[in-house]
Amino acid sequence: MSTKWTAPRIRALKGKQRFAMLTAYDYTTAQLMDEAEIPMLLVGDSLGMTVLGYENTLPVTLEQMLHHSAAVSRGAKNAMVIADLPFLTYQVSIEEAILNAGRCIKEAGVDGVKLEGGEIRAPHVRALVENGIPVLGHIGLTPQSVHAMGGFRVQGKTESDIERLIRDARALEDAGIFALVLEGMPSDTARRITEAISVPTIGIGAGPHCDGQVLVVNDLLGLTERPPKFAKKYADLRSELQRSFSSFKEEVESGTFPAPEHEY
Ligand code: KIV
């Protein structure tokens with residue numbers, strides 16, 4: 001018997017049970033992940049790249065996030081659904097962060113939000129948490145800072161960078177995050193951050209020492225043309241879909257579809 005996953009339940013997994021999170025962007029996929037008992041579904045702003053065809057996540061709007069988050073919420077019965085706050089919907093002021101995160105809760109029915117950044121975002125996190133909105137933090141390779149990083153580059157390689165990331169993680173923990181995504185960093189950096197805080201870390205391209213792991217669903221399903229090194233392909237849907245589309249085309253052109261069993 002499964003029950004609804006919540007921020008306190010996820011937080012309590014620290015040191016007890018590793019857990020999985022996946023990105024989801026639509027109703028059917030969310031339903032299947034929920035049936036597979038994935039505890040957390042992230043409506044990542046990666047949808048800008050995986051679903052909408054942008055080069056990076058920067059153009060994604062709050063309206064697009066609300067549209068996809070509502071679909072995922074309708075598909076997830078037990079999984080905790082988290083909406084990513086897109087670029088410039090939380091950085092400008094605490095007031096905007098509360099209003100925009102609040103819309104994700106009210107209009108899309110999600111259970112919490114994720115935002116990128118460390119110490120500098122602590123006041124925003126504190127305000128959201130004080131207003132009843134669970135927050136998932138995200139540090140390391142933060143894609144909304146792609147220009148500042150000079151590309152999608154692994155972070156936390158030098159001792160001073162590692163110490164800054166640990167400071168960021170502690171500031172976010174102190175502000176009230178229930179879990180923290182660690183993206184694109186050496187395994188040992190992620191291990192040190194994981195050991196430094198009492199909320200679970202969820203790694204992506206951050207090695208095996210995190211409390212949980214997240215993958216972008218398109219990478220896991222083999223839909224991504226050039227998947228990142230850290231992703232594991234659990235299916236080869238790109239070839240399977242290409243094969244299905246070609247077979248349909250051939251059967252329509254040759255007249256073998258529809259067959260008698262498809263007729264009324
Ligand atoms: O947008 C996203 O999918 C994410 C994950 C990579 C953590 O932020």
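## Let's talk about the overall build of the chain
Looking only at helices and strands, the chain has 11 helices and eight strands in total. Scaling as 2.2 N^0.38, a compact globule of 264 residues should have a C-alpha radius of gyration of about 18 Å, and the chain matches this with 20 Å. In terms of its C-alpha atoms, the chain occupies a principal-axis envelope of roughly 65 × 40 × 40 Å. Buried positions account for 50% of the 264 residues belonging to the chain. Excluding contacts between residues fewer than 6 apart, the proportion of contacts in the chain whose partners are at least 24 apart in sequence is 59%. Split by element, the accessible area of the chain, about 13300 Å² in all, is 54% carbon and sulfur.

## Observations concerning the side chain of Asp168
Inspection of the secondary structure puts Asp168 in helix H8 (residues 159-175). In contact with Asp168, other than residues within four places in its own chain, are Gly118, Glu119 and Ile139.

## As for the site of the ligand
Thr23, Leu42, Gly44, Asp45, Ser46, Asp84, Lys114, His138, Val181, Glu183 and Ile204 make up every residue found near the ligand. Contacts to the ligand include Asp45, whose side-chain N or O atom sits 3.1 Å from an oxygen atom. Here Ser46 contributes a side-chain N or O atom positioned 2.5 Å from an oxygen atom of the ligand. Within the complex, the protein chains bury 95% of what would otherwise be the 260 Å² of accessible surface of the ligand. Tallied by class, residues from the shell around the ligand come to three nonpolar, four polar and four charged.

## Some details on the domain arrangement of the chain
Assigned domains within the chain: domain 1 (7-233) and domain 2 (236-264). Here domain 1 and domain 2 have C-alpha centroids that lie 38 Å from each other. The interface is formed by six residues belonging to domain 1 together with four residues belonging to domain 2. When domain 1 packs against domain 2, the two sides together hide about 440 Å² of surface, and 55% of this comes from carbon and sulfur. In this assembly, domain 1 and domain 2 are joined by two salt bridges. The interface formed by domain 1 and domain 2 includes three residue pairs in polar contact (both at pLDDT 80 or more).

## Quick word on unusual backbone geometry
The peptide bond linking Phe257 to Pro258 adopts the cis configuration, its omega dihedral lying at 0°. The topology assignment puts Pro258 in the segment after helix H11 (237-254). At Leu88, a residue that is not glycine, the phi angle is positive and equals roughly 70°.

## Some thoughts on the sheet that holds strand E3 (residues 80-84)
Overall, parallel pairing links the eight strands, which are arranged E1-E2-E3-E4-E5-E6-E7-E8 in a closed barrel. Along the sheet, successive strands turn relative to each other by an average axial angle of 25°, direction set aside. Pairing between strand E1 (residues 19-23) and strand E8 (residues 212-215): four bridges, direction parallel. Bridging across to E8, Ala20 finds its partner in Gln213. Contacts from H8 reach strand E5 (135-140) and strand E6 (179-183), with the element oriented near 175° to E5.

## Here's the deal with the pattern of salt bridges
Applying the stated criterion across every chain yields a total of 14 salt bridges. Salt-bridge contacts for Lys4 lead to Asp111; the nearest nitrogen and oxygen are separated by 3.0 Å. Highlighted residues: Lys4 in the segment before helix H1 (7-11) and Asp111 in the loop between helix H5 (94-108) and strand E4 (112-114), separated in sequence by 107 residues. Between Glu225 and Arg238 there is a salt bridge; the shortest N-O distance is 3.6 Å.

## Thoughts on the environment of Gly48
Relative to the helices and strands, Gly48 is located in helix H3 (residues 47-50). If we skip the residues at most four places from it in the chain, Gly48 touches Gly53, Tyr54 and Val60.

The rules behind each value
- Residues numbered from 1 in each chain as written.
- Predicted model: local features only at pLDDT ≥ 70, side-chain atom pairs only at ≥ 80, totals over all residues.
- Heavy atoms only, no water.
- Helix = DSSP H or I, 4+ residues; strand = E, 2+ residues; numbered from the N terminus.
- Rg over C-alpha atoms; globule rule 2.2 N^0.38 Å.
- Buried < 20%, exposed > 50% of the residue type's maximum accessible area, 1.4 Å probe, protein only.
- Contact = heavy atoms within 4.5 Å.
- Areas by Shrake-Rupley, 256 points an atom, 1.4 Å probe, with all protein chains shown as cover.
- Near = heavy atom within 4 Å.
- Polar contact = N/O pair within 3.5 Å; in protein donor to acceptor, adjacent residues only side chain to side chain.
- Nonpolar A, V, L, I, M, F, W, Y, C, P; charged D, E, K, R; others polar.
- Domains from an automatic or database assignment.
- Buried area = accessible area lost by both parts, 1.4 Å probe.
- Salt bridge = Lys/Arg side-chain N within 4 Å of Asp/Glu carboxyl O.
- Pairing = 2+ DSSP bridges.
- Axes fitted to C-alpha atoms, helices over the stretch in contact; angles between N-to-C directions.

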